[in-house]
Structures are given as structure tokens and as C-alpha cells.
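Topology and contacts: notes
Listed below, chain by chain, are the residues.
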Amino acid sequence: MGGGLAFEALNHAGHTGTDLLVVLNDNEMSIAQNVGAMAAYLDRLRTDPKYFRVKEDVEEIIRKIPAIGGRMVKSAERLKDALKFLLVPGMLFEELGFTYLGPVNGHQLDALLGVLRGAQKMRGPVLIHVLTKKGKGFDFTEGNPDIYHGIGPFDPQSLAKRQDSAIPTYTEVFGRTITAAAATNPKLVAITAAMASGTGLVRFAKAYPERFFDVGIAEQHAVTFAAGLASAGFRPVVAVYSTFLQRAYDQILHDVCLQGLPVLFALDRAGVVGEDGETHHGLFDLSYLRHIPGISIIAPREENMLRHAVTTALAHDGPVAVRYPRDKTTGAAAEEPRLLPWGRGELLRQGKDVAILAVGTAVHAALEAAEQLSRLGLEAAVVDPVFIKPLDEELLREVAASVRYGLLTVEEHALAGGFGAAVLELLAEIGLPLLPVRRLGVPDQFVGHGTREKLLADLGLTMAGIVNACLWLAGERNEGLPWAHDESG
């Protein structure tokens, strides 16, 4: 209900008068506790005794107020409207053209079914306000609805959760980094769309509550809100899952990038996410961001590079997206954050036969593959581009000129419009001699549910998949390869 699409639909349905039944499942939660004026309004409907008065009786009383002629007519009508707003539950929805029914206890099925049957006989749009409890039926989940929004393994008898590793996640590293940065920059503000915990901003919210903004599930507003703050001299950080930022494409383009505003987009859950399934994989952010003029994109390979990337983005006078996965970090000792050389990649390993250009955490599999290839007699260079945009043209020229068999790009991202496509575009633009290029990534399909490990293996985005792709490049070098080959393993 906090997103614009819901209001657009209510506005349309109320205008057309269509026979439509809307069930508003109100459990006071999204992933975290609901925020905003709409949540407060629904809470009043839940708790204020006057909202439980019988609607028909109240409206009958209003109808009995006698009409007054002359100049008093308008005043009388305003009085009637005021009484309705005061006494009739659900008037917001009534004014939008809906018949409001409720609140109804969604866990009392007999009563709920009775209301549903009655609503089916009514004409025009009807909204049933159903009250439910998140985690209903198990005291432990009812008391921890945000923690158990997505249920991991735990013992139902002892309630002991699976032991978590002491190694932090990329989300946690981001949260600590941004909180530390706020200590020295009073203009730094953090914005999330109902994802304070999921994006690692709980620490920031506790330390700087006046600089933390949860706008509810409203990514479009989050981005335009950030643009407004940036134009007023603040340094906004929009922390959001990669897949959910898709909802705010127009705002990124027109409200942030067109004006060149210094907004940091922290893209959590970039790449293959795992058990959240098709809707949550962050496999399209490079495609929908890198073609926008003015935006820069950084993909750190490990936690210290994430710290450096955030620090670098906050010092840059323009929009920057930093993408990182839903995963444990390498467990490396924390380094002091520093500025990265702008637009420069890193050659991590020398090699004369093939070059592996890997994005983000795929660099680790690339380095392992290079070691395996060396044992097989093939020497592979490994490049971490660090910046997806702008690409390091100088480094790409050097690497392309130094290998015999070709280039391999590796990314946890859709092949269409991704990093590999960016490399091909740059090679074509600078007119390098024909060089075979093979791309590993996600083909033209949606990726389903499964562990990160299994899904990456299925896509060929593992050490073994990279080794096979490099052997293919070397073995087929003299058989007239076309310019580029797309392969998912």
C-alpha cells in the first residue's frame, strides 16, 4: 500500500466502478515494521473503537439530517461529510470509490468467508480489510516477524538456529563502512525502502536516527527523495536490493543522472542470490544502469575492496552504483578505507595464453581456474576490472595485446547488456585486431530457485566452468572463430 502502483490501481478502479474485490492483507509488517501515513491510518482502523461502529447505522443517522435551504445548504453538506469522515470506517477508500468492509479477523475463517460471500454479491469495487498476524501459529516467529520473514534452518524443539559463521557478510561490511563514514561527514544520509535490516542499515539507523530514512516499499520515491537531498547539499546513500532498484529506473535516469547528482546506490543482492528464487536474483543491474550517461559502476571482489569502493563513491561528484552479492566475505582483516584510482582495473595475474576478465566475487573462481590451467600447461592472465563503468581502456588494450588465444569474460549477470557486452563494445570502438572473446554469464533466461553454489555450477560460473571455457578458447583458436561466443557452461 505504500507503493505508487497500489494507489494508481485504486484510483483507476474507483473511477471505472468495475466489479472488483480487493483484499487488503494487513499484518502491520512488510519485511520490517510498516512505516508511513498509510500504515498509521490502517493502525487507527485496527485499534480505534469508533471505527467499529456499524456503518449502515451511522450513514442512516447522517441521512436523517434535514436539508437546509438557501445559503445554509453548502454548510449542511460539509457537516454531513465531516460526520462521515469522523464516524464511518474506511472513508479514505470510500472516497476513492470503494465500498469498505472491515476490519475482519483473517484468522477466524468462518467470519472471513462470510464477508467474502457477502462481498461477491455487491456491485462496484469492494475493499475488504483483513487483519492477520505475521508468523501466526508459532510463538517464536510471531515474536520475531522480521527475523523469520525468510525462515532458515532451526530446531523446532529447542528453537536453536543454525550456527552462523563469524565471518561477516558483504551486507554487514557495507553497513559498518557507511556508519563509520557518517561519523566524519554530517551531510551523509541513508535511505532504504523497508529494508533496514536486509541492507545492513540497522547500525546506521541507531547511530544517526535523524539521518536515516525508511520510505517504505517505494523505491521510486526513495530515489527521487535522494535526488532532492543531493540537490540541497547532502550525500545520500540509497541502499536497495539490485532486483528492486529496477522499479526506479525512470527516477535514476531523470532525477539523478540527468542532473549529475552525487547519489550512491548500494546494490545489495547483486548476482545470483540463492533460495529467494527468480524474483530476487540481481542479474540485470548492469544492463539497466551502464547505458545511462553520467553514472559509474563499481563491482568489488572482496570486503576490503567494498570498503574502498564505498569511500571512493562518496568522494565522487556524481552518481555511483556499487554492486555486491548476498554472501559471506573472505574473512580478510579489515583495511583502512582508501580511494581507488578512478576508472582503473587491476591485473592480478600475468599470463600469455588467455586472459580472464572477471567481475566482482567471480574473480576468486578466476584465480583458482588460472592455477588449474597452469598445471595443464596454459597460462592465464586474470584481470579485475573493478570499474564496470568507466572501463579501463588502457589495461584492456595491454591485456588483449599480450595473449595468444583470446579473452574470457565472467560475470554473475545477464549476458545481454552486461560486462562482457561492454568489453566487446570497447574492443570494437578502439579498433583492436580481431581477437576471440568468449563470455560466461546468464543466458537469455530467468534463473530459478536453489543454493548459490548449485546455481553458479549450473551456469558454469565456477572454477571448472572457467577452466573449460579457457581450454575451448585455446583449443579452437585456429578454427575460424567468430568475434564472440556466448556460453553459460
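Computed from a predicted model, the values in this text were never measured in an experiment.

So, the overall build of the chain
- Scanning the chain from N- to C-terminus turns up 19 helices and 16 strands.
- Residues classed as buried in the chain amount to 49% of the 489 residues present.
- Once local pairs closer than 6 in sequence are excluded, the contacts in the chain between residues at least 24 apart make up 77%.

What about unusual backbone geometry?
- Between Lys389 and Pro390 the backbone carries a cis peptide bond, its omega angle lying at 0°.
- For Pro390, the location among the structural elements is in the loop between β13 (387-389) and α16 (393-402).
- Its identity as a non-glycine residue notwithstanding, Ala194 has a phi of 65°, on the positive side.
- Tracing the backbone shows Ala194 in the loop between β4 (188-192) and α9 (202-207).
- In this structure, Arg269 is a non-glycine residue whose phi angle is positive, near 60°.
- Note on Arg269: relative accessible area 12%, which makes it buried.

Remarks on the nonpolar core
- By size, the foremost hydrophobic cluster in this structure holds 53 residues, and its most contacted members are Leu245, Ile252, Phe265, Leu289 and Leu407.
- Setting aside anything within four residues of it in sequence, one finds Leu245 in contact with Val223, Val240, Ile252, Phe265, Leu267 and Tyr288.

Digging into the pairing of strand β14 (residues 406-414)
- Where burial is concerned, most of β14 is hidden: nine out of the nine residues are buried.
- Pairing analysis gives five bridges linking strand β11 (residues 354-358) to β14, with the strands arranged parallel. From the neighbouring strand, Val354 faces β14, where its bridge partner is Gly406.
- Inspection of the sheet shows β14 paired to strand β15 (residues 437-442) by five bridges, in the parallel sense. Looking across to β15, one finds that Thr409 is bridged to Arg439.

Topic: the environment of Thr462
- Mapped onto the elements of the fold, Thr462 is located in the loop between α18 (452-458) and α19 (463-475).
- Judged by relative accessible area, which is 23%, Thr462 ranks as partly exposed.
- The residues touching Thr462, leaving out its near neighbours within four places in the chain, are Ala365, Leu456 and Ala457.

Thoughts on the sheet that holds strand β2 (residues 99-105)
- Strand order in the open sheet made by the three strands is β1-β3-β2, with parallel pairing throughout. The open sheet is flanked by β1 (21-26) and β2, the only strands paired with a single partner. Taking the axes of each pair of neighbouring strands and ignoring which way they run, one obtains an average angle of 20° across the sheet.
- Of the strand pairs in this sheet, β2 and strand β3 (residues 126-131) are connected by five bridges, and their pairing is parallel. Its bridge partner lying in β3, Thr99 is registered against Val126.

Re the packing of aromatic side chains
- Tallied over the full model, the rule gives seven aromatic pairs.
- Aromatic side chains Phe284 and Phe446 sit 6.4 Å apart centroid to centroid with 70° between the ring planes, which places their arrangement in the edge-to-face category. Here Phe446 lies in the loop between β15 and α18 and Phe284 lies in the loop between β7 (264-268) and α13 (285-289), a separation of 162 residues in the sequence.
- Residue placement shows Lys187 over the ring face of Phe234; its charged tip is 4.6 Å from the ring centre.

Some details on the sheet that holds β7
- The mixed open sheet is built from seven strands, whose spatial order is β5-β4-β6-β7-β9-β8-β13. The two strands at the open ends of the sheet, each matched to only one other strand, are β5 (212-214) and β13. Across the sheet, the mean angle from the axis of one strand to that of its neighbour is 20°, orientation sign disregarded.
- For β7 and strand β9 (residues 320-323), the ladder comprises four bridges, and the chain directions are parallel. Its bridge partner being in β9, Leu267 is matched across the sheet by Arg323.

Comments concerning the pattern of salt bridges
- This structure, assessed with the given rule, holds 18 salt bridges.
- Its salt-bridge partner being Arg323, residue Asp285 comes within 2.6 Å of it at the nearest N-O pair. Here Asp285 is found in helix α13, whereas its partner Arg323 is found in strand β9, with 38 residues between them in sequence. Across this residue pair, the class does not change: Asp285 and Arg323 are buried.

A closer look at the pairing of strand β6 (residues 235-241)
- Across the seven residues that make up β6, a large majority, seven, are buried.
- Here β6 shows two buried faces, one formed by Arg235, Val237, Ala239 and Tyr241 and the other by Pro236, Val238 and Val240.
- Strand direction decides the pairing type here: β4 and β6, joined by five bridges, are parallel. From the neighbouring strand, Thr192 faces β6, where its bridge partner is Ala239.
- Two elements, β6 and β7, share five bridges in a ladder whose sense is parallel. Looking at the pairing, Val240 lines up with Leu267 of β7.

Digging into the confidence of the model for the chain
- With 79% of its residues at a pLDDT of 70 or more, the chain shows a mean pLDDT of 86.
- Here residues 477-485 scores under 50 on pLDDT; set against residues more than four positions off or in separate chains, the count is 19 contacts.

With respect to the packing of α16 against helix α17 (residues 419-430)
- Two elements in contact, α16 and α17, have axes whose closest approach is 11 Å; the angle formed by their N-to-C orientations is 80°. The orientation of α16 relative to α17 falls into the category roughly perpendicular. Within the contact between the two elements, α16 uses Glu393, Leu396 and Arg397 and α17 uses Val423, Leu426, Leu427 and Ile430.
- Partitioned by chemical class, the residues of the contact of α16 with α17 number five nonpolar, no polar and two charged.

Some words on the packing of helix α15 (residues 362-375) against α19
- Across the interface, α15 lies against α19 with an axial gap of 8 Å and an inter-helix angle of 55°. By the angle between their directions, the pair α15 and α19 is classed as oblique. Remark: the crossing between α15 and α19 carries right-handed chirality. Residues Ala365, Ala366, Glu368, Ala369, Gln372 and Leu373 of α15 lie in contact with α19, whose contacting residues are Met463, Ile466, Val467, Cys470 and Leu471.

Basis of the calculations
Residues numbered from 1 in each chain as written. Predicted model: local features only at pLDDT ≥ 70, side-chain atom pairs only at ≥ 80, totals over all residues. Heavy atoms only, no water. Helix = DSSP H or I, 4+ residues; strand = E, 2+ residues; numbered from the N terminus. Buried < 20%, exposed > 50% of the residue type's maximum accessible area, 1.4 Å probe, protein only. Contact = heavy atoms within 4.5 Å. Core = buried A, V, L, I, M, F, W, Y, C linked by side-chain atoms within 4.5 Å. Pairing = 2+ DSSP bridges. Axes fitted to C-alpha atoms, helices over the stretch in contact; angles between N-to-C directions. Phe/Tyr/Trp six-rings, centres within 6.5 Å; stacked < 30°, edge-to-face > 60°. Lys NZ or Arg CZ within 6 Å of the ring centre and 35° of its normal. Salt bridge = Lys/Arg side-chain N within 4 Å of Asp/Glu carboxyl O. pLDDT = per-residue confidence, 0-100. Parallel < 35°, antiparallel > 145°, perpendicular 65-115°, else oblique. Nonpolar A, V, L, I, M, F, W, Y, C, P; charged D, E, K, R; others polar. Left-handed = near helix turned anticlockwise from the far one by under 90°.

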